[in-house]
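Remarks on the overall topology
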Amino acid sequence: MKSYRDLQIYAVSKQLAIDIHSITLSLPKFELFEEGSQIRRSSKSVTSSILEGYGRKRYKADFIKFLVYAHSECDETIIHLDFLFETQSLKDENIYRRIRKEYESLSKKINVYIQWVSENLNEFPVSKT
């Protein structure tokens, strides 16, 4: 892997964050600054945490820590999505179900990747030069 862009979880999380951003623009005005803001931030944090973790891949513990952050932000995004749907601020059930399913899948993929990194990635030796 040469770049974080090669990670499927990065690509999926980025597209989902863009989808969430678009969805929130059609929410009732009061939700733009309440739940809409929360879900935009958590969805974008999934992607940025993956990126930040990858940037620290030299240090296995840091890499895993940021992947765990990404996983928890993913789950937070799901609960914000649930709140929007259950309060009827998001009325389109098809969009809700599709996005929720994609976030559930992403959550599982991040968890699998955390396990893979934990079992397969070695710490890089720190140069003393």
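Analysis parameters
- Residues numbered from 1 in each chain as written.
- Predicted model: local features only at pLDDT ≥ 70, side-chain atom pairs only at ≥ 80, totals over all residues.
- Heavy atoms only, no water.
- Helix = DSSP H or I, 4+ residues; strand = E, 2+ residues; numbered from the N terminus.
- Buried < 20%, exposed > 50% of the residue type's maximum accessible area, 1.4 Å probe, protein only.
- Lys, Arg positive; Asp, Glu negative; His and termini not counted.
- Salt bridge = Lys/Arg side-chain N within 4 Å of Asp/Glu carboxyl O.
- Contact = heavy atoms within 4.5 Å.

**What about the side chain of Arg 40?**
- By the element assignment, Arg 40 lies in helix H3 (residues 35-55).
- Within the buried core, Arg 40 has no salt-bridge partner, and the shortest N-O distance to an opposite charge, that of Glu 31, equals 8.9 Å.
- When sequence neighbours within four positions are dropped, the list of residues in contact with Arg 40 reads Ile 20, His 21, Thr 24 and Leu 32.

**As for unusual backbone geometry**
- Non-glycine residue Gln 88 carries a positive phi angle of around 65°.
- Tracing the chain through its elements places Gln 88 in the loop between helix H4 (60-86) and helix H5 (93-120).
- Overall, the relative accessible area of 54% leaves Gln 88 in the exposed class.

**Topic: the pattern of salt bridges**
- Under the definition given, this model contains seven salt bridges.
- Between Arg 56 and Glu 52 there is a salt bridge; the shortest N-O distance is 2.9 Å.
- For Glu 52, a relative accessible area of 36% puts it in the partly exposed group.
- Taking the shortest distance from any N to any O, the salt bridge between Lys 65 and Asp 62 comes out at 4.0 Å. Residue Lys 65 and its partner Asp 62 are located together in helix H4, separated by three residues, close to a single helical turn.
- Residue class for Lys 65 comes out partly exposed when judged on its relative accessible area of 35%.
- By sharing partners, the salt bridges in this structure join Asp 19, Arg 98 and Glu 102 into a single network.

By themselves, these observations are geometric and do not establish any function.
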